[in-house]
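# Close look at the chain arrangement
Here is what each chain is made of, one letter per residue.
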Amino acid sequence: MKPIMIAAAMAAGLLGGAASPSLAQRSEAGDRGLRLENNALRTDVRRERLKKPSAAAKAKRRPKLSDRKE
Amino acid sequence: MRKLNALASAFGLLGMQHALAADEAAPEAVHRPQWSVLVSFSPTYTNNAQFRRDDRRRDVYAEPDVLLRLDGKLTSDISYRLYGRSSFDTFAQEQIGNETFALLGARLTRNILDWRTSVSYEHRFEFAGVYQDLLFIADDVQISTMRDFSYGPFTISPTAQLSYRFADVPEARRYRLDLLLPFEARITSRWSVVSTPFVEAYWFTDGLNEGRQDIIYSTSLGLRYSIANNISLTTSASYEWRTSNVPLRHYRDLEIGPRLDMAF
């Protein structure tokens, strides 16, 4: 850790509030949301094969080209 | 349409002829944008709620995840997606670990040599607690590619994605590479065995995390039951561990729980 960065982070932390997170919050910023992001990745894989009911029903109803009469 | 094609051909208007042919072949519905909503919910047990190297604490957390999206086609081979998504973790005991994200995103996808390849952009808000304190705002730029390989009841979907996170907090800025190998073995029409092993590498670029490099290894095994075409329930166990050139960032985590996924 560079001393100037720590000083800047501490100064920012003193101001408080959402726009100026504390030193602890800043150093943790690389980790925050990690569980959510990895679970989102797994969720995307799981949801890949789900079909919206209306789309599935439309696909069933739609006549195929080969079924059309000339 | 045939007359128009002949006319276009006669005048050498190849571009027009191509456009007319595409117009004739593609059903109108293909180009109509479609809204959909995806909802997931999962109560999960974890043996390391805070992702700590030391002082590991067991807990149970709930994680709802809602995604609203609009899918459409720009051209016959390029599709787009606009979406908004939000999810949060809320722990029974370790409430300091509660966190939330909300994002808006856009994605373009094209098939390249049968690989679905996408570029995407996400504008992300990261909160501590459940929509409580805004920690940082990030802009993620990502390129990814994936393909399904099926052999009888088995499907394997290798996926690679590379992203960079721009953020207002320097410590959150980083490159990330994901390599996934999702696997599914269909047992019956409703039951499947599923697994999502992956490796992630992080290279942090700024602030107090400058020079930090992490690698996360994750593997999972689960059983999925398809309640309907648009609803499934997956019960799985996942094991994840991280190594880092910052030893304090090492962790191991085992999670077990059911997850309900729905599409509307």
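The numbering scheme is per chain: residues are counted from 1 as the chain's sequence reads. Following the order in which they are written, the chains are lettered starting with A and the ligands numbered starting with 1. This being a predicted model, a pLDDT of at least 70 is required before a residue's local features are given, and a value of 80 or more before pairs of side-chain atoms are given or counted; all residues contribute to the totals for chains, interfaces and linings.

### So, the overall build of chain A
Each helix is a run of H or I in the DSSP string that is no shorter than four residues. Each strand is a run of E no shorter than two, and both are numbered from the N terminus. Assigned secondary structure in chain A consists of four helices and zero strands. Its helices and strands taken in sequence order, chain A reads α-α-α-α from the N to the C terminus. With C-beta atoms placed from the backbone, a residue is labelled by how many other C-beta atoms lie within 10 Å of its own: buried for 20 or more, exposed for 12 or fewer, partly exposed between the two. Taking all 70 residues of chain A together, the buried fraction comes to 27%.

### Structural notes on the overall build of chain B
A tally of helices and strands in chain B yields two helices and 18 strands. Looking at chain B residue by residue over its 264 residues, the buried ones come to 27%. The long-range share in chain B, meaning contacts at least 24 apart out of those at least 6 apart in sequence, stands at 46%. Contacts here follow a simple rule: the backbone-placed C-beta atoms of the two residues must lie within 7 Å.

### Quick look at the interface of chain A and chain B
The interface of chain A with chain B comprises 31 residues on the first partner and 37 residues on the second. Listing elements by their share of the side of chain A that touches chain B, those giving two or more residues are α1 (3–15), α2 (23–28), α3 (34–47) and α4 (53–61) of chain A. Broken down by element, the residue count for the side of chain A that touches chain B peaks at twelve residues, all from α3 of chain A. When the residues that make up the side of chain A that touches chain B are grouped by side-chain class, the tally is 15 nonpolar, seven polar and nine charged. Note on residue categories: nonpolar means Ala, Val, Leu, Ile, Met, Phe, Trp, Tyr, Cys or Pro, charged means Asp, Glu, Lys or Arg, and polar means any other residue, Gly included.

### Concerning the pairing of strand β7 (residues 115–128) of chain B
Residue and element names in this part refer to chain B. Both strand β6 (residues 99–112) and β7 contribute to a ladder of 14 bridges, which runs antiparallel. Bridge pairing in β7 places Ala106 opposite Tyr121. Any two strands between which DSSP finds at least two bridges are classified as paired. Counted along the chain from β6 to the antiparallel partner β7, the turn is two residues long, and its residue Leu113 has a positive phi close to 50 degrees. By the bridge criterion, 13 bridges tie β7 to strand β8 (residues 133–146) in an arrangement that is antiparallel. In the strand pairing of β8, Thr117 is matched with Thr145. In textbook terms, the turn of a hairpin is the stretch between consecutive antiparallel strands, and for β7 and β8 this stretch comprises four residues, one of which, Gly129, has a positive phi near 70 degrees.

### Quick notes on unusual backbone geometry
Residue and element names in this part refer to chain B. In this structure, Asp55 is a non-glycine residue whose phi angle is positive, near 55 degrees. By secondary structure assignment, the location of Asp55 is in the loop between β2 (43–46) and β3 (59–62). Asp55 gets classed as exposed once you count the C-beta atoms within 10 Å, which come to 7. One non-glycine residue, Asp114, lies in the positive phi region at around 70 degrees. Among the structural elements, Asp114 can be located in the loop between β6 and β7.

### Topic: the pairing of strand β12 (residues 174–180) of chain B
A regular strand carries its side chains on alternate faces of the sheet. Residue and element names in this part refer to chain B. Bridge count for strand β11 (residues 159–167) against β12 is seven bridges, and the pairing is antiparallel. Directly across from Tyr164, in β12, lies its bridge partner Tyr175. Here β12 pairs with strand β15 (residues 198–204) via seven bridges, running antiparallel. Bridge pairing links Asp178 to Glu200 in β15.

### So, α3 of chain A
To estimate how far a helix should extend, the number of its residues minus one is multiplied by 1.5 Å. Across its 14 residues, α3 of chain A extends 20 Å between first and last C-alpha, which sits within 8% of the 20 Å expected from 1.5 Å per residue. Turning to α3 of chain A, its buried residues are Arg35, Leu36, Asn38, Asn39, Arg42, Thr43, Val45 and Arg46 of chain A.

### Concerning the environment of Ser220 of chain B
Assignment of secondary structure puts Ser220 of chain B in strand β16 (residues 213–228). Separated by 24 residues in sequence, Ser220 of chain B and Thr196 of chain B have C-alpha atoms that sit 5.6 Å apart.

### Some thoughts on the nonpolar core
Buried Ala, Val, Leu, Ile, Met, Phe, Trp, Tyr and Cys residues form a nonpolar core when they are connected through C-beta atoms within 7 Å. In this structure, Ala29 of chain A together with Phe127, Ala128, Leu135, Phe136, Ala138, Ala167, Val169 and Ala172 of chain B together form the largest nonpolar core, which totals nine residues. Going through the elements one at a time, β7 and β8 of chain B are the ones with two or more residues in this core. It is β8 of chain B that contributes the most residues to this core, three residues altogether. Not counting residues up to four positions away in its chain, the partners in contact with Ala128 of chain B are Glu99, Asp133 and Leu135 of chain B.

### Remarks on the confidence of the model for chain B
Residue and element names in this part refer to chain B. The predictor rates its confidence in each residue with pLDDT, a number between 0 and 100. Summarising the model, chain B shows a mean pLDDT of 88, and 89% of its residues fall at 70 or more. A low-confidence stretch, residues 1–29 stays under pLDDT 50, and its non-local contacts, those more than four residues away or across chains, total 14 contacts. Per the prediction output, this complex has pTM 0.78; the corresponding ipTM is 0.83.

### Overview of the environment of Trp203 of chain B
All names here are of chain B. Note that Trp203 resides in strand β15. Take Trp203: there are 15 C-beta atoms within 10 Å of it, and that puts it in the partly exposed class. Once the C-alpha coordinates of Trp203 and Arg173 are considered, the two residues, 30 residues apart in sequence, prove to be 8.7 Å apart.

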